[in-house]
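Coordinates in review
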Amino acid sequence: MTQLDSYTLAHFLLTSFALFTLGMIGFLIRRNLIIMFLCTELMFQGVVIALVAFSRFHHNVTGQTFVIFVLTVAAAEAALALALVVLLFRRKATLDASAWSSLKG
Amino acid sequence: MTLQPAILIPWLPALSAGLCGLCCVRKSWRRLAAPLTIGAIFASFLLAVLVSPAVKPFDPAEPDLAPHVVTLFSWIHVGDFRVDMAYFLDPLTLLMLMVVCGVGTLVAVYAAGYMAGDRGYARFFAGVSLFIFAMTTLVMADNLVLLYLGWEGVGLCSYLLIGFYYQKPSAVAAAKKAFIVNRIGDLGFALGIFLIYSTFHTVSLAEVLSLAHHVEEPTTAHLWIPFLLMLGAFGKSAQIPLYVWLPDAMEGPTPVSALIHAATMVTAGVYMIARLLPVFELSPYALPTVAIVGAVTALFAATIALCQYDLKRIYAYSTISQLGYMFLGVGVLSTVGGMFHLFTHAFFKALLFLTAGSVMHALAGQLDLRKISGLRTRMPITCLLMLFGCLALAGFPFTAGFFSKDLILADVLVRGLSLHQPLYTTLAVVGLVTAFLTAFYTFRLWFRVFLGPTRYELGDEHHAADGAHAAGHAADAHDIKIEHVHDAHEMPWLMNAPLVVLAVGALFAGLFCKSWLAGLVTQSSAAAAAAHSLHAHATLCGYDPHLAMEFISSAVAVLGIAAAAYFHWLNRPAADSVAARYRGLVSLLNHKYYVDEIYDALIVRPLRALGGLCFVLDRLIVEGLVALVGFLPRLLGLGLQPTQQGALQGYGLGMAAGIAILALLIALALGT
Amino acid sequence: MNNTPPVVWILYAGSVLGALALYLIAPKPGPKLARLGGLLGAVTLGGVWLALARLLPDLGPDRAPFVYYYVFSAIAIVSAVRVITHVKPVYSALWFVMVVLASAGLLLTLDAPFMALAMVIIYAGAILVTYVFVIMLAADTGDSLNPDQSPEYERLAREPFAAIAAGFLLLAVLLSIPFSQPLVPNPKTASETDAKIIQSVLVQRPAQQLLKRLALDNANQVDLLAKDPSLNPQQLTNIERLGLDLFRSHPLGLELAGIILTVSLVGAVVLARQRINPNSDPH
Amino acid sequence: MNALIPLMTLLPLVMAPVTFALLAYKLNWHALATTLLTLAISIAAAFAFDWKHADTLQLVTVWPWISDFGFTFSFGVDAISLCLVLLTTFLMPLAVLGSFAAIQERRREFFFWLLMLESAMLGTFVARDLIFFYICFEFTLIPLFFLIGIFGSTQRLRAARVFFLYTFTGSMLTLAGLLFVAWHATGGSGRWNFDISYLTAAAQQLSYPQQMLVLGALLAGFAVKVPLFPLHTWLPLAHTEAPTAGSVILAGVLLKLGTYGLLRFALPMTPQAIVALAPYIGLIAVIGILYTALICWVQKDLKKLIAYSSVSHLGFCVLGLFALGSNLIGPTGSVLYMINHGLSTGALFLCVGMIYERLHTREMRHMQGLAKVMPVWSFFMVFFCLASVGLPGLNGFVGEFLTLLGAYTSPHTLGQPYAVAAGFGMIFAAIYILYMVGKVVFGPLVLPPADLHAPATTPAGPAHHAAPKDLNFREIVTLAPLAIACLALGLYPQPVIDCLQSPLETLTHPVTSVVQAQMSAQGPVTAVTSEEKNLPDWPSDTSPLANPGDAEHR
């Protein structure tokens, strides 16, 4: 593809910001534990797009290598998070986030 | 004969005070205290006599300092504020030394007998010799600060000696009262010294006198100096506003009352004004004020003395009254009259106190007039000695008291007439009325005690311990011999000898010493000399005023004695009926116009309440504030606590909102 | 603020409307306005796309790929909204798959084919399958399909308004930056030219092998090279460049990634093995 | 010869762990030996000191510490600090001697902390390096915290805590002020030099608002240490709870750190601010004198009474310190007052301690007329009471008289109304001291009930405490030197006054030059203003900030 100029880069950034913000809002709104983690994955997705967009913009492929790292982290996080969720679910048979609020001030 | 030996005059009693202090340690050494003190005071007296020829008159006009000042060592030298331990000797000082050491020796001899057997024997004599040290320092002080040292020193000794019977709460209270009232006076005196230093930049007596002498138009500061010094003098010599401590000072042993509260300490105020006359002349109103206060105090005290029943209280009020006379004398610039009355008063008042002491001693502490009568058969010598004293006090013709009081009244009258100021004539009349009252209450006492049917009740204290223990306490018999008093008896000769000397002084001092004393005083202060000569040749409706005043005052004295004789000897029921008719007035006078109660209500109690308030304020407000400052962090913590609810998403929301706002702010900052 | 180009104002308006739409769609006790919200959202998105497209500078022949961008990002955003707002967790997961696919498309338009496919395989394939698996495992008792029976905590969002407001404020601010000042590619970060890489790194591999590899798909190399520059041995493919960069300048990162994965594996196993009876309270 | 001062300062510090660790038996005597040795060295230093030109810095030793920041251990003494050092080393052995019987358990810790305290105090007086001064100034808190905390009486923990925190927060501000001066002195060059004389010289360039800030900071710390009126509440608490030795040293020396600090730092470094604030601080000092004197009068607890009285006395001290203007009378009186107050109040606390050892109570209503059973103690008690009341012939009078005279004759900073009001303080002092003496020493003999907590209304009435024995030889040896010192300083204070003149001259020179400048600016102010003139008219050109330094610091 040809030279990625700033304006088109902005477009991609728009999408990535949108995804990131939606992920964040999702995390804050939804009370189901799994969906909250899903939303974090959505945030990862936003980041990936921004990474690749900038990599393309700066003609430096490191951005894409970082996507790989992002993926590994996302995968590891998903594994652990879901194991935890299962554990919590077995403990209290509910996925409601507000059930776990014993760390009160 | 140089002035060097004069240095020893104060330091000998100081040494004896130290030694007596050591005597307290061993019981066996107690005996030594009396001879030590008597020896030291008499040595000072001899030294004063020894040094007298070398003393030359001091004229503030041209202060040639050398011959008068004997410097010991420099006490406080800060910048131009130079104060050193130095003694200033001139005829006035000499006179005071004679009085202090002379009467001091006689009283010490008397006290040796009077205090025999008391547990605090050595402590008493330590106090007396410390007092003599302080008094001589006061009298011989070369600068005002040293005078202040003597001033507070005598205050301290009166505190220690009034509170000698420290077991009695009333004695302790009286001692505290005496010291505090003196301290109020001393504050005035100290402020006077500060003002003198800030105006004249020196505190040395000779310089201050000469500078004051040469001042033409006094500034406002000059006006204030005499009034401040006056406050000090009135505090020490128990004049109107600050006299309340003297009657209570009678709680102390009688020799103390005789020496300190009659002859020497209370006259310090008169000496100070006589010494600082040029300073008092700075303000035209100062000396008249002194005269007025003196006269008013004399009258006021005399009226109270009329209705007192306690022997020593009567004499205390009579001392205040006589001091009023002295201030009246000094106030009208008749320093000669003032000092002469001081001289004679020292004798007969000491005599009266000591004879009263003998009566008290004989009747085991009984002092109430109503419970004593007709002791002439039991104690003839004391009766006779007290008679001489009373005659002198009343101003019976040709006694010492007569001459000195008459001189003052004459000078006042003369000043009133010659300067055509009605003020002084009224003061002279007040003086005469007071003379009548003095004669009346003196002989009221004498007739009551010695004449009339002989019946008396013994006091409750043990003879020897003499009030050392409050009623009801068993005296710890093991260390003092107890003579159980069964009846009034005459005093041993050891105690009566000094009384005889005093009696001689009381009777004949007037005749012989007048010219000698006039010489001394006129040499020491030019103003006194001028006034003395002025007074010499004024006229009162054709006659020489002095002669006229002699007739009038002797008439008044005789009249007073006759009235006292009628009421208190021949026709006592008549006195009782008169007293009954004016019951209100009598009780008022007996309660000393309730002045003590007024002072207590107006000053003491509010101050104590203020103290209480301050303490509460201190604990609540000031500590409260500190505690509040300590509490603030905890308050903050409580405020923030609700935000930590443990809800995961709550925190998440907090973070998100934070980031959003932060980004907004950065964008705004970058954007504009 | 006043000299910002008009497009930023449009974006602000877009984000505000977007926030409102999302608020309407978000599951909350009030009246069912989801449909209205969806409509509003679609309109907003459409409006933004049109505004952006019209302002797009004339790129001539290579405008075409941009159409893909608009399509893919629209899909991505809509499905992201559905991920958040959908009541049933399974559907959320599935919608997320759609997001991944859309973003893979976007990556393709960004000339990163390997990553796009990797994304699809790893993300959509692996991670999301785990999610769906766990959702099924931890499904609540209420399994009826209609949304009303689903547990209460599903249907009600937690103070949606505040979260959305914060989120879109952040979005608006972030968007204002790239669109207001034109970004400039940083020359220093650009990677070395392919030629240099080939000389320095691929020197061990004779050109023939490269040509042989290329030869496989086309006998007549010369005209091929001339015709298609990307096949030109001087031009490294995306994957080669990616591989070179990964192994040459980020070896440590690679190892760490490995370790993270093993650790998470072990962790997951350990967590899963714990025997807990559901209602015993540990402390 | 210069090694004397560091040796003296560090000896107790070194001996403290030694006494703690090794010498378990006969501990008292070893502690006493150490303090006596320190006294000996300080006397040797006094002989080595050249009293003729006493203002110069002598016996200086500088040990580099952290050189690149300019921190050095520099010891040096001028006449004022040497006098205070002698006071400290003189009081220490007596405090140790006084606490032989008082402290029975955990004696090793007690003497450990006491010796640490001594070296901290000596360090403060001999420090010529700002940071070294501040370290010692702060270090005095720790030993006292433990002394009060462990060996105090009932409320000791609260007292220790309040004491520590109160003084500590105050001195934080002081550190800020001092560091500002040090930073200003570097002139941004980054080369730090903390030598006090260098800083004092450099501080002359401080502008007026800067001086106000620095003075406010210095006052915050030092005003808490010298308990000035609003900040004094920690003192009665700390005194009543401290053991005898603790309160002797606290009253004797620690209160002087505050006034010493003011004299060493505030006066030379911030002259214009001092002149601007002097009337306010004078006012607070006078209020302090009268307010605490009245409080003393209603006190029930003997030690609290003496504690409040030392607040009142320190009010005089500060009044003298700020009586600056034409002459040196005020400051000389103030320094003398520090020394005399140390002696007389230290002795008073020793006497009260002896009573506490015998009767185990400090309530005045429990004890009366002790003169009958303890005549020697009563002599000493009355003697020291009179010394502290300022009876001429004893040491209190010299300081008090000079302070009042100084306040009276410096119309520019203070003035006559201050001296008159403080004069009333003299009367109140007589009132509360004689109230206490009349209550405790004189009057009929009353002894506290056998055990204080038994219900007083037992049928047979409370069995009275056994009659307390009079002072034994050790106690007399403790009090006698103090009595002799009081008498000597009262009758012959001239050598001390002479040696104080020149250092005070150098310290107060900046302020006097500012006063002269202002006086000439306003035209000759007549030396004497009459009685009713109220506060001296305000120096026209230096308008003070909205709220004076001392009011806003808490």
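In what follows, the accompanying structure is described. The shown structure was predicted, so the numbers you read here are calculated from the model rather than taken from an experiment.

Here's the deal with the overall build of chain D
- A tally of helices and strands in chain D yields 20 helices and two strands.
- Computed over the C-alpha atoms, the radius of gyration of chain D is 23 Å, within 12% of the 24 Å expected from 2.2 N^0.38 for a compact globule of 554 residues.
- Reported as C-alpha extents along the three principal axes, the dimensions of chain D are approximately 75 × 60 × 40 Å.
- Relative to its full complement of 554 residues, chain D shows a buried share of 66%.

Re the overall build of chain A
- What chain A contains, in helices and strands, is three helices and zero strands.
- In chain A, the succession of α and β elements from N to C terminus is α-α-α.
- Computed over C-alpha atoms, the radius of gyration of chain A comes to 17 Å, more than 25% over the 13 Å expected from 2.2 N^0.38 for 105 residues, which places it beyond the range of a compact globule.
- If you line up chain A on its principal axes, its C-alpha atoms span 55 × 25 × 25 Å.
- Within chain A, the fraction of its 105 residues that count as buried is 71%.
- By sequence separation, contacts in chain A at least 24 residues apart represent 61% of the contacts at least 6 residues apart.
- Put simply, chain A has 7 plus and 4 minus side-chain charges, and the middle of one group is 14 Å from the middle of the other.

Description of the interface of chain B and chain A
- Each partner contributes residues to the interface: chain B has 11 residues there, and chain A has 13 residues.
- Summed over both sides, the interface between chain B and chain A buries roughly 820 Å², with carbon and sulfur atoms accounting for 62% of that surface.
- Looking at the side of chain B facing chain A, the largest losses of area belong to G646(B), L648(B) and Q649(B), adding up to 51% of the total buried there.
- In this assembly, chain B and chain A are joined by zero salt bridges.

Considerations on the pattern of salt bridges
Residue and element names in this part refer to chain B.
- Taken as a whole and assessed by the stated rule, the structure comprises 18 salt bridges over all chains.
- For R313, the salt bridge identified is with D310, shortest N-O distance 3.8 Å.
- K371 is paired through a salt bridge with D368; the nearest N and O atoms lie 3.4 Å apart.
- Residue classification places K371 among the partly exposed residues on the basis of a relative accessible area of 31%.
- One network of salt bridges, in which partners are shared, links K168, E251, D310 and R313.

Considerations on the pairing of strand β2 (residues 71–77) of chain D
Residues and elements named next belong to chain D.
- The element β2 is largely enclosed, with a buried count of five among its seven residues.
- When strand β1 (residues 58–66) meets β2, the two strands line up antiparallel, connected through six bridges. Note on β2: the bridge partner recorded for Q58 is V77.
- Linking β1 back to β2 in an antiparallel pair, the connection comprises four residues, with G70 at a positive phi of about 80°.

Considering the nonpolar core
- Within the largest apolar cluster, 445 residues are counted, with the highest numbers of intra-cluster contacts made by F81(B), W377(D) and F384(D).
- Here this core gets 18 residues from one element, more than from any other, and that element is helix α17 (residues 416–440) of chain D.
- For F81(B), the contacting residues outside a window of four places in its chain are I76(B), V145(B), Y197(B), V203(B), I329(D), F401(D), L402(D) and L405(D).
- Within the second largest apolar cluster, 103 residues are counted, among which are A656(B), L45(C), V81(C) and V134(C).

A look at a nonpolar patch on the surface
- A surface patch of nonpolar side chains, about 710 Å² in accessible area, is lined by I661(B), L662(B), L664(B), L665(B), I666(B), L668(B), L670(B) and L169(C).
- No other element matches helix α25 (residues 648–671) of chain B, which puts seven residues into the nonpolar patch.
- Topologically, L665(B) is positioned in helix α25.

Focus on the packing of helix α17 (residues 400–418) of chain B against helix α18 (residues 422–450) of chain B
Residue and element names in this part refer to chain B.
- In contact at an axis separation of 7 Å, α17 and α18 are set at 155° when each is read in the N-to-C sense. One element, α17, and the other, α18, form an angle in the roughly antiparallel class. Judged by the sense of rotation from one axis to the other, the crossing of α17 with α18 is left-handed. Listed contacts from α18 to K405, L409, V412, L413, R415, G416 and L417 of α17 are Y424, T425, L427, A428, G431, L432, A435 and T438.
- Per-class residue counts for the contact of α17 with α18 are nine nonpolar, four polar and two charged.

Focus: unusual backbone geometry
Residue and element names in this part refer to chain B.
- Within the chain, A238 stands out as a residue other than glycine whose phi angle is a positive 50°.
- For Y594, which is not a glycine, the phi torsion comes out positive at approximately 55°.
- Relative to the helices and strands, Y594 is located in the loop between α23 (583–590) and α24 (595–640).

Quick notes on the packing of aromatic side chains
- According to the stated counting rule, one finds 77 aromatic pairs over all chains in the structure shown.
- Seen in terms of ring centroids, F194(B) and Y408(D) are 5.6 Å apart; in terms of plane orientation they differ by 50°. Their pairing is tilted. In this pair, F194(B) sits in helix α6 (residues 169–200) while Y408(D) sits in helix α16 (residues 395–408), so the two residues belong to two different chains. As far as the burial class goes, F194(B) and Y408(D) line up, both buried.
- On the basis of an interplanar angle of 50° and a centroid distance of 5.4 Å, the ring pair of F163(D) and W234(D) is categorised as tilted. Of this pair, F163(D) sits in helix α7 (residues 156–186) while W234(D) is found in helix α10 (residues 234–241), placing the two residues 71 residues apart along the sequence.
- Under the relative-accessibility criterion, W234(D) is labelled buried at 2%.
- In textbook terms, an aromatic cluster arises when at least three aromatic residues are bridged by ring pairs, as seen for W75(B), F81(B), Y148(B), W151(B), F189(B), F194(B), Y197(B), F397(D), F401(D) and Y408(D).
- Stacked on the ring of Y309(B), the Lys or Arg R370(B) has its end atom at 3.9 Å from the ring centre.
- Sitting above the plane of the W297(D) ring, R608(B) keeps its charged end 5.3 Å from the centroid.

Description of the interface of chain A and chain C
- Each partner contributes to the interface: chain A provides 81 residues, whereas chain C provides 99 residues.
- Between chain A and chain C, roughly 7800 Å² of surface is buried when both sides are summed, and carbon and sulfur atoms account for 76% of that area.
- Here chain A and chain C share zero salt bridges between them.
- At the junction of chain A and chain C, the tally comes to 12 residue pairs in polar contact (both at pLDDT 80 or more).
- Mapped by element, the contributors of at least two residues to the side of chain A that touches chain C are α1 (6–29), α2 (33–57) and α3 (62–92) of chain A.
- When residues of the side of chain A that touches chain C are assigned to their parent elements, the largest contribution, 27 residues, is made by α3(A).
- Tallied by class, the residues present in the side of chain A that touches chain C amount to 51 nonpolar, 20 polar and 10 charged.

Focus on helix α3 (residues 79–98) of chain D
- Over its 20 residues, α3(D) runs 29 Å from end to end, which matches the ideal 28 Å to within 8%, given 1.5 Å per residue.
- Taken across its 20 residues, α3(D) has 18 buried, putting it largely inside the fold.

What counts, and at which threshold
- Residues numbered from 1 in each chain as written.
- Chains lettered and ligands numbered in written order.
- Predicted model: local features only at pLDDT ≥ 70, side-chain atom pairs only at ≥ 80, totals over all residues.
- Heavy atoms only, no water.
- Helix = DSSP H or I, 4+ residues; strand = E, 2+ residues; numbered from the N terminus.
- Rg over C-alpha atoms; globule rule 2.2 N^0.38 Å.
- Buried < 20%, exposed > 50% of the residue type's maximum accessible area, 1.4 Å probe, protein only.
- Contact = heavy atoms within 4.5 Å.
- Lys, Arg positive; Asp, Glu negative; His and termini not counted.
- Charge placed at Lys NZ, Arg CZ, Asp CG, Glu CD.
- Buried area = accessible area lost by both parts, 1.4 Å probe.
- Salt bridge = Lys/Arg side-chain N within 4 Å of Asp/Glu carboxyl O.
- Pairing = 2+ DSSP bridges.
- Core = buried A, V, L, I, M, F, W, Y, C linked by side-chain atoms within 4.5 Å.
- Patch = residues over 30% accessible without salt bridge, like charges linked within 9 Å, V, L, I, M, F, W, Y side chains within 5 Å.
- Areas by Shrake-Rupley, 256 points an atom, 1.4 Å probe, with all protein chains shown as cover.
- Axes fitted to C-alpha atoms, helices over the stretch in contact; angles between N-to-C directions.
- Parallel < 35°, antiparallel > 145°, perpendicular 65-115°, else oblique.
- Left-handed = near helix turned anticlockwise from the far one by under 90°.
- Nonpolar A, V, L, I, M, F, W, Y, C, P; charged D, E, K, R; others polar.
- Phe/Tyr/Trp six-rings, centres within 6.5 Å; stacked < 30°, edge-to-face > 60°.
- Lys NZ or Arg CZ within 6 Å of the ring centre and 35° of its normal.
- Polar contact = N/O pair within 3.5 Å; in protein donor to acceptor, adjacent residues only side chain to side chain.
- Expected span 1.5 Å × (residues − 1).

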